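Listed here are the chains, written in short residue letters.
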Amino acid sequence: MPLRDTAPKLSPEQYEKNFADITPPMTKRQAAIEAARCLYCFDAPCTIACPTHIDVPAFIKKISTGNLRGSAREILSANILGQSCGRVCPTEALCEGACVMHEKGEEAIEIGRLQRYSVDYVLENKIELFHAGAPNAKRVACIGSGPASLACAAELAKWGYDVTIFDRNEMPGGLNSYGIAAYKSRASEAVREVDLIKDLGVKFRQRTQIPRQVSFAELEKQFDAIFLGVGLGDTWALGLPGEDLQGVYGALEFIEKTKVQPFGDVEIGRRVACIGAGNTAIDVVTAARRLGAEIVYLVYRRGEAEMPAFAYEYQLAKQDGVSFLWQTQPVRVLGTNGAVSGLECVRTELGAPDAQGRRSPAPVEGSEFRIEVDMVVRAVGQKPVTEFLKAIPGVEIRKNGTVEIDEHHQTGHQKYFAGGDCTNGGSEVVDAVAEGMAAARGLDEFLGVPRG
Ligand SMILES: Cc1cc2nc3c(=O)[nH]c(=O)nc-3n(C[C@H](O)[C@H](O)[C@H](O)COP(=O)(O)OP(=O)(O)OC[C@H]3O[C@@H](n4cnc5c(N)ncnc54)[C@H](O)[C@@H]3O)c2cc1C
Ligand code: SF4
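Report on the accompanying structure. Quick caveat: nothing in here was measured; it's all calculated off a predicted structure. (Residues numbered from 1 in each chain as written. Chains lettered and ligands numbered in written order. Predicted model: local features only at pLDDT ≥ 70, side-chain atom pairs only at ≥ 80, totals over all residues. Heavy atoms only, no water.)

## Things to note about the environment of Cys-142
Defined as follows: Runs of E in the DSSP output that reach at least two residues are strands. Runs of H or I that reach at least four are helices, and both are numbered from the N terminus. Each residue's exposure class comes from its accessible area (1.4 Å probe, protein chains only) as a fraction of the maximum for that residue type: buried when under 20%, exposed when over 50%, partly exposed otherwise. In this analysis, two residues are considered to be in contact whenever any of their non-hydrogen atoms come within 4.5 Å of each other.
Structurally, the position occupied by Cys-142 is in strand S1 (residues 139-143). Taking the relative accessible area as the measure of exposure, Cys-142 reaches 0% and is therefore buried. For the pair Cys-142 and Asp-167, spaced 25 residues apart in the sequence, the C-alpha separation amounts to 8.6 Å. Excluding residues within four positions of it along the chain, Cys-142 makes contact with Ser-149, Ala-153, Val-163, Thr-164, Ile-165, Phe-166 and Phe-227.

## Some thoughts on the packing of aromatic side chains
Convention followed: For this analysis, a ring pair means two rings from Phe, Tyr or Trp (six-membered ring only for Trp) whose centres lie within 6.5 Å, classed as stacked if their planes differ by under 30 degrees, edge-to-face if by over 60, and tilted for the remaining angles.
Here the structure, examined in full by the defined rule, presents 11 aromatic pairs. Here Tyr-314 and Phe-324 contribute two aromatic rings whose centre-to-centre distance is 5.0 Å and whose plane-to-plane angle is 90°, an arrangement assigned as edge-to-face. Separated by 10 residues along the polypeptide, Tyr-314 in helix H14 (residues 311-319) and Phe-324 in strand S8 (residues 323-325) bring together distant segments of the chain. In this structure, Tyr-314 and Phe-324 share a single accessibility class: buried. Considering the side-chain rings of Phe-417 and Phe-446, the 5.6 Å spacing of their centres and the 50° angle between planes classify their relative orientation as tilted. With Phe-417 in strand S14 (residues 416-418) and Phe-446 in helix H17 (residues 429-447), this pair connects stretches of sequence that are 29 residues apart. The class for Phe-417 is buried, based on a relative accessible area of 0%. Residue class for Phe-446 comes out partly exposed when judged on its relative accessible area of 29%. Every member of this aromatic cluster is reached through a ring pair, and the members are Tyr-300, Tyr-314, Phe-324 and Trp-326.

## Structural notes on the pattern of salt bridges
The test is simple: When a carboxyl oxygen of Asp or Glu lies within 4 Å of a side-chain nitrogen of Lys or Arg, that pair is called a salt bridge.
Evaluated as defined, the whole model comprises 30 salt bridges. As a salt-bridge pair, Glu-344 and Arg-332 come within 3.8 Å of each other at their nearest N and O atoms. Pair noted here: Glu-344 is in strand S10 (residues 339-353) and Arg-332 is in strand S9 (residues 328-336), with a separation of 12 residues, a long-range link. Judged by its relative accessible area of 13%, Glu-344 falls in the buried class. Taking relative accessible area as the criterion, Arg-332 reaches 38% and is therefore assigned partly exposed. Among the ionic pairs, Glu-344 bridges to Arg-370, the shortest N-O distance being 3.2 Å.

## Comments concerning the site of ligand 2
Note the following rule: Working definition: residue near molecule or strand if any one of its non-hydrogen atoms lies within 4 Å of it. For this scheme, ten residues count as nonpolar: Ala, Val, Leu, Ile, Met, Phe, Trp, Tyr, Cys and Pro. Four count as charged, namely Asp, Glu, Lys and Arg, and the remainder, Gly too, count as polar.
With respect to spatial proximity, the complete set of residues near ligand 2 consists of Cys-50, Ile-54, Val-56, Asn-79, Cys-85, Cys-89, Thr-91, Leu-94, Cys-95, Ile-111, Gln-115 and Val-430. Residues that form the shell around ligand 2 fall into these classes: nine nonpolar, three polar and no charged.

## Digging into the environment of Gly-276
You can see Gly-276 is positioned in the loop between strand S6 (271-275) and helix H13 (279-290). Since its relative accessible area comes to 9%, Gly-276 is described here as buried. Gly-276 sits 204 residues away from Ala-72 along the chain, and the two C-alpha atoms are 38 Å apart. In contact with Gly-276, not counting residues within four places along its chain, are Ala-281, Leu-298, Val-299, Tyr-300, Ala-379 and Val-380.

## Quick look at the pairing of strand S11 (residues 359-363)
Taken residue by residue, a regular strand's side chains alternate between the two faces of the sheet. We apply this condition: When DSSP finds at least two bridges between two strands, those strands are taken to pair.
Here S10 pairs with S11 via four bridges, running antiparallel. Paired with Leu-350 across the bridge in S11 is Pro-361. Here S10 hands over to S11 after five residues, with Gly-357 in that stretch at a positive phi of 85°.

What is shown is where atoms sit, not what they do.
Spelled out as structure tokens, the structure:
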């Protein structure tokens, strides 16, 4: 069944313009000028702030001396997904946020873009920087091909492990391929980066759902250890009447379409409401506007000050002309002939801050109102994959549904290690990479292979 009313189609050129890179690649001259601004700090705060601790001054120095291969090697040895991270990291909150230039009242060094400049060079020129280690006869399976598994697999392969990645999706890369806003990174970029891991001899079995197609018992028999990099699951439901109407989507389901279909084929309402105010909600509302939706509401039950999205993400949505409905709680999705026609909402008032400093919203009696929309997108976080995890005896699950691990990333079942969103509850690509690498060290220690 179609949506009640759809946004007018744009020209292919207009879609490409709307989803063009928001941080375009640097030219040689731009990179040289930017690299020359770096002060090459000792104990550089940017390196400390980066979860993968890339030696930022070292890679920037190599750019300024024209050694792009050395620069990329510096980046990728600390973070094999340096290309994605250069595009998608919330740098304002990480490396660039820590840059000493702020203290001088100047703009931070554009670390993310410089990082991308170096890594793009080796990817475009197909320069092989790393090699698989001498085989050590140990086999490791990684479930999931997202950033956590990719980073874990790359480390292990460099040390001589025989690694196979199993993933249910068509393309490897996890949310890097299917979830990140298209104006930050296209799926093709994420897939191209996976070649770095393939070049290390890591085997990929895509379109393979665990345990449906390969049971845990089979994995345990065939492999010496298993890494769980399964991320999180679908978007939480709202539990509202009318949620089953045509035109109600989960955020991931909607964003995925913008990554795997031509933009012109993505169905989009003329008027769209997105519920939630995190970074994913921003991805939804900006994508909706860029696909041509005429009115896009971001509906949030708390106020602007409580919004969980990063400030620069919020800025992006403001620039895209999104309408923000603060202190507004949806109570019912309205429909006409089975399709979404509106959203009934109520105003809220905020109570005193709780122990975590969050102010609870309470509905204001008699403040109900309706907005006319053709599409509603839920962006209220992803569910953990509890049922999947429960099927592995011994793996402990925390109250919030994430996997319990020790300091070596080992789970309650000694053969299983875990990292990324399924353990941290949902963070950034760079955190998943850092955790995948830490788990590789834990696995290596557990398997006890002496390294030459
Ligand atoms: C909409 C959205 C936008 C985001 N934008 C950004 C951003 O701009 N910058 C940023 O740094 N981070 C962003 N993130 C967060 C980032 O994408 C994640 O933190 C990161 O991808 C987590 O990596 P992961 O490997 O743990 O899991 P995932 O990337 O989720 O990968 C998990 C993989 O496991 C596979 N899998 C799961 N279960 C099974 C099974 N049973 N059998 C086989 N395969 C399985 C899945 O198919 C998937 O490929 C965003 C997240 C979302 C949801
Ligand atoms: S990986 Fe991300 S946080 Fe780390 S230096 Fe690069 S852009 Fe900054």
